[in-house]
Amino acid sequence: MKNISVIGSGTMGNGIAHTFAQFNYHVNLIDINQSALDKAIQTISKNLDRQVSKGSITEDQKATTLKNIRTFVSTEEGVKNADLIVEAATENIDLKLKIFKDLDSFAPQNAILASNTSSISITQIAAVTNRGDKVIGMHFMNPVPVMKLVEVIRGYATSDETTKTVMALAEQLQKVPVEVNDYPGFVANRILMPMINEAIYTLYEGVAGVYEIDTVMKLGMAHPMGPLQLADFIGLDICLAILKVLHDGFGNPKYAPCPLLVNMVAAGKKGAKTGEGFYQYTAGSKELVVSTKFK
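About the criteria used
Residues numbered from 1 in each chain as written. Predicted model: local features only at pLDDT ≥ 70, side-chain atom pairs only at ≥ 80, totals over all residues. Heavy atoms only, no water. UniProt positions renumbered as here; feature names shortened; annotations may be inferred. Patch = residues over 30% accessible without salt bridge, like charges linked within 9 Å, V, L, I, M, F, W, Y side chains within 5 Å. Areas by Shrake-Rupley, 256 points an atom, 1.4 Å probe, with all protein chains shown as cover. Salt bridge = Lys/Arg side-chain N within 4 Å of Asp/Glu carboxyl O. Helix = DSSP H or I, 4+ residues; strand = E, 2+ residues; numbered from the N terminus. Buried < 20%, exposed > 50% of the residue type's maximum accessible area, 1.4 Å probe, protein only. Pairing = 2+ DSSP bridges. Right-handed = clockwise from strand over helix to strand, strands pointing away. Axes fitted to C-alpha atoms, helices over the stretch in contact; angles between N-to-C directions.

Under an unreviewed UniProt entry, the name given to the chain is 3-hydroxybutyryl-CoA dehydrogenase, and the organism recorded is Pedobacter punctiformis. Regarding the chain, the UniProt comment filed under Sequence similarities (unreviewed entry) reads as follows: "Belongs to the 3-hydroxyacyl-CoA dehydrogenase family."

Okay, here's the thing in structure tokens:
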């Protein structure tokens, strides 16, 4: 397994492409927009520069990594020789189902189709293909080149062979794969998102402020980042989408998104990527300033 195709060149997609390319896999990075692909390559180059400055890779390794990545705006062209395809598109079920229908038509018969989805059912995705045994979840954590965990999610039809292959592949990337079964939110987000939602409710109900909530969790529970800052980092729209999947999947009111989260996303305040969420973000600055909305 040497040829990897990655669908989507956003934060997760370019991180996945970076990681595979750094370990000498041939990567085809695919997006419908060439400008998005150009931006992705710039991001990968900057992240490689950071690794060079820290001494974790050499300039030659950086050059080889970039050489290992090719970009495509055609899915059919980009996956025709793939051994593994990792879909990292927006967390939208209709979009993912369309992508997997196309991949099933375009990809080689023996190719494994993986989704980086953080919550959507692998079984449902696999059902639109004719290779359910070769469809699996490969949920990387952000930032992909740094974080060690990969959730490997078995759908209803995923074969033992596919699971073993993907587990071994993750280990070759120096990741720690954890096999889980296909239920809403899997493990990471089934546990994480209710915590984030509860932190937002704690703010919504006036129990404490943004800084205070995050400080309690950082200093009291040894979390490296408070839940509200983490929500900003993940993207409040992504948090909302995952909570909706949990709520719909289990039918349990404990997963209902906090009204404050719903309103913030509706207002376009989606966290670090939009410059404001629970905190305000300035390009080039690491200083966290609580949003004026919560002062």
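On we go.
Caption draft 1: Inspection of a nonpolar patch on the surface at higher detail. Where nonpolar side chains cluster on the molecular surface, the patch consists of Leu149, Val176 and Val178 and spans about 200 Å² of accessible area. Topologically, valine 176 is positioned in strand β8 (residues 176–181).

Caption draft 2: Inspection of the UniProt feature "domain: 3-hydroxyacyl-CoA dehydrogenase C-terminal" (unreviewed entry) in the chain at higher detail. Mapped onto this numbering, the UniProt entry annotates "domain: 3-hydroxyacyl-CoA dehydrogenase C-terminal" (unreviewed entry) at residues 185–281. Spanning residues 185–281, this segment combines 62% helix with 2% strand, and its end C-alpha atoms are found 28 Å apart.

Caption draft 3: Examining the pairing of strand β1 (residues 3–7) more closely. Among the five residues that make up β1, four are buried, leaving the element largely enclosed by the rest of the structure. Sheet topology places β1 next to strand β2 (residues 26–30); five bridges connect them, and they run parallel. Among the inter-strand pairings, isoleucine 4 is bridged to a residue of β2, identified as valine 27. Since β1 and β2 lie parallel, the crossover through helix α1 (residues 11–22) that links them has a hand, and here it is right-handed.

Caption draft 4: Representation of the sheet that holds strand β3 (residues 69–72) within the structure. Taken together, the eight strands give an open sheet; going across it, the order is β3-β2-β1-β4-β5-β6-β7-β8, and neighbouring strands pair in mixed fashion. At either end of the open sheet lies a strand with only one pairing partner, and these are β3 and β8. Neighbouring strand axes in the sheet, compared pairwise and without regard to direction, differ in orientation by 25° on average. Of the strand pairs in this sheet, β1 and strand β4 (residues 84–87) are connected by four bridges, and their pairing is parallel. Looking at the pairing, isoleucine 7 lines up with glutamate 87 of β4.

Caption draft 5: Structural context of the UniProt feature "domain: 3-hydroxyacyl-CoA dehydrogenase NAD binding" (unreviewed entry) in the chain. The UniProt entry lists residues 4–182 under the feature "domain: 3-hydroxyacyl-CoA dehydrogenase NAD binding" (unreviewed entry), expressed in the numbering used here. Summarising residues 4–182: 44% helix, 22% strand, and an end-to-end C-alpha distance of 24 Å.

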